[in-house]
Amino acid sequence: MIRAIAVAVVLFCATSATAQDMSISKAYIPLTPLGVRAHAAYLTLSNTGGKNRSLIGVAAQGYGTAHLHQSKEMNGVAAMSALHQLEIAAGHTVVLAPGGLHIMLMQPATPKVVGASVLLTLHFANGKSITTQATVTQRDGGS
């Protein structure tokens, strides 16, 4: 129990980042089986400012490429598509979560283990960037 609480505190503290009116929290990457070359990162983006913000790109330390993606189910068929930008309205929060919006991480340089950290840098249309630390976590089901 104490270990679970300690892990939760570390994850929350290690995955928060702010820059001006944007903040990132709860960044994590579920562990995938060895050999899987595509991973997903999830996080929460909050825009506390008075202007809409557009997330236009992402980079991930230790990965060949990283892209914004969205998963949808249409007529009973799951599909995934790349997003060129993600709007975060002024005063709103957008959650990247399994089964929906996510950051697709491709070509990991090394296998990941629970507790490892990956730096994610989010790039916005206004020229600003925010870097946060995503922690590799034990997978809890879903995708």
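Because the structure is predicted, anything quoted here is derived from the model rather than measured. (Residues numbered from 1 in each chain as written. Predicted model: local features only at pLDDT ≥ 70, side-chain atom pairs only at ≥ 80, totals over all residues. Heavy atoms only, no water.)

Participant: Can you walk me through the overall build of the protein chain in this structure?
Facilitator: Along its length, the protein chain carries one helix and eleven strands. If you list the helices and strands of the protein chain from N to C, you get α-β-β-β-β-β-β-β-β-β-β-β. For the protein chain, the proportion of its 143 residues judged to be buried stands at 38%. Contacts spanning at least 24 positions in sequence make up 66% of the contacts within the protein chain whose residues lie at least 6 apart. (Helix = DSSP H or I, 4+ residues; strand = E, 2+ residues; numbered from the N terminus. Buried < 20%, exposed > 50% of the residue type's maximum accessible area, 1.4 Å probe, protein only. Contact = heavy atoms within 4.5 Å.)

Participant: Sorry, what's going on with the pattern of salt bridges here?
Facilitator: Oppositely charged side chains may form a pair once their charged atoms are brought near each other. All chains considered together, the criterion is met by one salt bridge. Salt-bridge contacts for R53 lead to D21; the nearest nitrogen and oxygen are separated by 2.9 Å. Of this pair, R53 sits in strand 4 (residues 53–60) while D21 is found in the loop between strand 1 (17–19) and strand 2 (22–30), placing the two residues 32 residues apart along the sequence. The two residues R53 and D21 agree in class, both being buried. (Salt bridge = Lys/Arg side-chain N within 4 Å of Asp/Glu carboxyl O.)

Participant: How should I be thinking about the confidence of the model for the protein chain in this particular structure?
Facilitator: Fine structural detail should not be taken from predicted coordinates in areas where pLDDT scores are low. On average, the protein chain scores 88 in pLDDT, and the residues at 70 or more come to 85%. Taken element by element, the predicted model of the protein chain shows its lowest mean pLDDT in helix 1 (residues 2–14) (42) and its highest in strand 8 (residues 93–96) (98). Below pLDDT 50 for its whole length, residues 1–14 participates in four contacts with residues either more than four positions away or in separate chains. (pLDDT = per-residue confidence, 0-100.)

Participant: What is the right way to look at the pairing of strand 11 (residues 129–137) in this model?
Facilitator: Two faces, one strand: in a regular strand the side chains alternate between the faces of the sheet. In this structure, strand 2 lies alongside strand 11, joined through three bridges in parallel fashion. In the strand pairing of strand 11, I29 is matched with V136. Of the pairings in the sheet, the one linking strand 10 (residues 117–124) to strand 11 comprises seven bridges and is antiparallel in character. Paired with L119 across the strands is Q133, a residue of strand 11. (Pairing = 2+ DSSP bridges.)

Participant: Which parts of the structure should I look at to understand the pairing of strand 9 (residues 101–108)?
Facilitator: For strand 9, a buried count of six out of eight residues is recorded, marking the element as mostly surrounded by other parts of the structure. Inspection of the sheet shows strand 3 (residues 38–47) paired to strand 9 by four bridges, in the antiparallel sense. Bridge pairing in strand 9 places A38 opposite M106. Where strand 5 (residues 63–74) meets strand 9, seven bridges bridge the pair, whose relative direction is antiparallel. By the bridge assignment, A66 is partnered in strand 9 with L105.

Participant: Would you mind going over the packing of aromatic side chains with me for this structure?
Facilitator: The geometry of an aromatic ring pair is captured by the separation of the ring centres together with the interplanar angle, meaning the angle of the planes. Under the criterion given, the structure shown has one aromatic pair. Judged by centre distance (5.4 Å) and plane angle (40°), the rings of Y28 and Y42 are tilted. With Y28 in strand 2 and Y42 in strand 3, this residue pair connects regions lying 14 residues apart in the sequence. Looking at Y28, the relative accessible area reads 27%, which means it is partly exposed. (Phe/Tyr/Trp six-rings, centres within 6.5 Å; stacked < 30°, edge-to-face > 60°.)

Participant: Would you mind showing me how to read the nonpolar core here?
Facilitator: A general trend in soluble globular proteins is that nonpolar side chains are found buried together. Counting residues in each nonpolar core, the largest one holds 27 residues, and the members touching the most others are L43, L45, I103, L105, L120 and L122. The residues contacting I103, other than those within four sequence positions of it, are H39, A40, A41, L43, V58, A66, H67, L68, L96 and L120. (Core = buried A, V, L, I, M, F, W, Y, C linked by side-chain atoms within 4.5 Å.)

Participant: What is the right way to look at the environment of V136 in this model?
Facilitator: Relative to the elements of secondary structure, V136 occurs in strand 11. For the pair V136 and A27, spaced 109 residues apart in the sequence, the C-alpha separation amounts to 9.1 Å. Not counting residues within four places of it along the chain, the set of residues in contact with V136 comprises I29, L31, K112, V113, V114, G115 and A116.

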